[in-house]
Amino acid sequence: MTAIGTRPAFLMAPALAWLVGLMVVPCALVLALAFFQRGVYGGVDYTFTLENFGRVFDPLYAGIFLRSARIAGTATVIAVVLGYAAAYAIASCRRSLQPVLLFFAVLPFWSNYLIRTYAWIVLLNREGLITQLLRWFGYEGEPPSMLYTEGAVIAGLVYNYLPFVILACYAPLSRMNPELAEASRDLGGSAFTTFRRIILPLTLPGIAAGAVFVFVLSIGNFVTPALLGGGRFQMIGNLVYDQFLTANDWPFGAALSMALIGIMMLLLLVQAYASDRASTRTAPVREDA
Amino acid sequence: MKITNDRRARGARAILLGVSLAALASTASAANLVISNWDGYMAPDAMDAFKAATGNTGEVVKHATNEEIMGKLVASGGKGYDVVFVSSPFAEVLHNLGLTETIEASKVPNLANLYPEAAGLAYDPGNSFSVPYTWGTTGLCYRSDLVKTEPTSWNDLLKPADDIKGKTTMLATDRWLLAAGQLADGFSVNEIDPAKMEQVKNTLIEAKKTLLAYDDTTFYAKLVSGEALMVQAWDGWCNYGITDNKDIKYVIPKEGSDLWVDTMVVMKASENKDAAFQFINFMLDVKNHAWAAENILYKVPNKAAMESLPAELSATYPNMAMPVAELTKYEVLRDVGEAQKEYSRIVSEIKAAQ
């Protein structure tokens, strides 16, 4: 073997060992767990069964999956619309200003996820800042109940994952050759037509990447529904958490996790396929624009 | 240079050897216990005092919930822990799994400090595998200044009057969430009959519609802020609310309460059983056990410790003065075995209900 031939393997070894040891093996263990039975007192009874996967499709649990998908989907749509608009605005600014604006967009990531979520509790609770502000403006009646609602959960998810969408959409928007839009205008396309037929298709991979990020992170989230939903909204992440940490039904929790991972993998595949297709039809980009 | 380095290294090795020999020598006479407990559930300096009293050292690891420590104990067969603090149904499970050691009463003379009733608890009569550390009730904690009528029944929480709709919380942990419905419907807190549990489930799904949140940890703060006006609460936690607002009151509904007991168990896999018994004996010491009552604001089953408490304590927190005979008439939560799976499912259904 030549020195050149061995080097890549040598360089890859730590990352590979990390991935296999801390990703592949644990996931395989969880998968294996899903085929066994729950012991009477928690723990695992090592008797083979497919029952856990059957239970995933039980209307109760399938319903929780669907509901999680709906909440995550709503959060995704809102985050994509807001994030795309923000990314578009940033990309339209002076080049020198853009890094500063991006910096502010990702600034919330510098504080802890839990703290950011608690901040929403401070804002939304019945005696919270929003209510106080309303009172200051002379509002007298019963304060609106905003916390512990589905809306609060969605707001928390959108807020926390918005920067992902901004970053994902900013990349293709900032790289886009402005001459393409100019050409469209010159050929008589209205601003809306230009956006719909030129800009949007070219930036679709960014939107897809941002959307998948938000959806995948939202559907498995359990912190936000627990804190902002007040435990009244069971999402799939909470269900998995409960199986492992309160019901002590590890095999069923494992089966649920596998179903969740399956959904996520499917979405990532679709996204990879979409961005692959988009990149083959994208016009060459100019980096120096 | 090389020589000096070698010499220095050899010197360091010799010192290390000396230190480890000394450590070995000290473990031969004194044990190092591993104790798992909830955060803040014993005096911060308890282990120093334990060392001063017995010569044994101990390391306290913390668990956030019963389920968390149960997961670890079941997975490891109890290895790695000497004394564990768990609630009574979980102590019962550990016993059924054969993971607990029999308590040798002769090595725990302070058991004599306990009320006689503390040795007659249904899950472990005679304290054969567990020693009660704290006990209490689960009832209604409310803002007496803001509710129109003072609650007397579980139904005041489950079917609330208009003025408190959307301003109530219930506990999120399976057994206590279910207990509210079981008691309201007139059943045992250990009821497992499917038809009766179906009724309990419907009661609780109906109650969910008027609920602000399920909350195990911040419900008393919600009362203090006025976000909630009535909550299902463990008596000791209601006391934390009373500390901040004297208008907060605690009542046991007329249908009753469960009697919850947090216990200490010694693991069968422990290699330091004598020291583990010494530790339990140390915790049952009047002064140490009174610390728990005064600081956690939970009742303790220690007669001598309860009698040593200052009178102001029960004046401020009336439930601290509840007579033992009244407390122990309530039913303790038992392990329900296979039915736990059904309990989990019912709770999932309640939480998923729209």
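Residues numbered from 1 in each chain as written. Chains lettered and ligands numbered in written order. Predicted model: local features only at pLDDT ≥ 70, side-chain atom pairs only at ≥ 80, totals over all residues.

**Considerations on helix H11 (residues 236-245) of chain A**
1) Next: Counting buried residues in H11 of chain A gives 7 out of 10 residues, a clear majority hidden from the surface.
2) Next: Within H11 of chain A the residues assigned to the buried category are Ile236, Gly237, Asn238, Leu239, Val240, Asp242 and Gln243 of chain A. (Buried ≥ 20, exposed ≤ 12 C-beta atoms within 10 Å, placed from the backbone. Helix = DSSP H or I, 4+ residues; strand = E, 2+ residues; numbered from the N terminus.)

**What about the domain arrangement of chain B?**
Many descriptions give the size of an interface as the accessible area lost when the pieces come together.
Residues and elements named next belong to chain B.
1) Next: Domain assignment breaks chain B into domain 1 (6-135 + 260-322) and domain 2 (136-258 + 332-352).
2) Next: Taken over C-alpha atoms, the centre of domain 1 sits 30 Å from the centre of domain 2.
3) Next: Of all the secondary-structure elements, those providing two or more residues to the side of domain 1 that touches domain 2 are helix H4 (88-96), strand S4 (131-143) and strand S9 (258-266).
4) Next: Element by element, the count of residues in the side of domain 1 that touches domain 2 is highest for H4, at 5 residues.
5) Next: Here the side of domain 1 that touches domain 2 is composed, by residue class, of 12 nonpolar, 5 polar and 2 charged. (Domains from an automatic or database assignment. Nonpolar A, V, L, I, M, F, W, Y, C, P; charged D, E, K, R; others polar.)

**Details of the environment of cysteine 169 of chain A**
All names here are of chain A.
1) Next: Along the chain, cysteine 169 turns up in helix H7 (residues 150-175).
2) Next: Cysteine 169 gets classed as buried once you count the C-beta atoms within 10 Å, which come to 28.
3) Next: Taking C-alpha positions, cysteine 169 is 34 Å from glycine 128, a pair spaced 41 residues apart along the chain.
4) Next: Leaving out residues up to four positions away in the same chain, cysteine 169 has contacts with Gly83, Tyr84, Ala87, Thr203, Gly206, Ile207 and Gly210. (Contact = placed C-beta atoms within 7 Å.)

**Focus on the interface of chain A and chain B**
1) Next: Taken together, the contacts link 23 residues of chain A with 30 residues of chain B.
2) Next: Residue assignment for the side of chain A that touches chain B shows that the elements contributing at least two residues are helix H3 (59-92) and H11 of chain A.
3) Next: Per-class residue counts for the side of chain A that touches chain B are 8 nonpolar, 10 polar and 5 charged.

**Concerning the pairing of strand S3 (residues 83-87) of chain B**
Residues and elements named next belong to chain B.
1) Next: Most of S3 is tucked away, with 5 of its 5 residues classed as buried.
2) Next: Neither face of S3 is left uncovered, since the one carrying Val83, Phe85 and Ser87 and the one carrying Val84 and Val86 both have all their residues buried.
3) Next: Here 2 bridges tie strand S1 (residues 32-37) to S3, and the two strands are oriented parallel to one another. By the bridge assignment for S3, serine 36 is matched with valine 84. (Pairing = 2+ DSSP bridges.)

**Topic: the nonpolar core**
1) Next: The biggest cluster of nonpolar side chains holds 165 residues, and the ones touching the most others in it are Val165 of chain A together with Cys141, Phe279 and Ile280 of chain B.
2) Next: A total of 17 residues in this core trace back to one element, the largest contributor, which is H7 of chain A.
3) Next: Domain assignment of the residues forming this core places at least three in each of domain 1 (6-135 + 260-322) and domain 2 (136-258 + 332-352) of chain B.
4) Next: Setting aside residues no more than four positions away along its own chain, cysteine 141 of chain B makes contact with Tyr220, Leu223, Val231, Ala233, Cys238, Gly241, Ile248 and Tyr250 of chain B. (Core = buried A, V, L, I, M, F, W, Y, C linked by C-beta atoms within 7 Å.)

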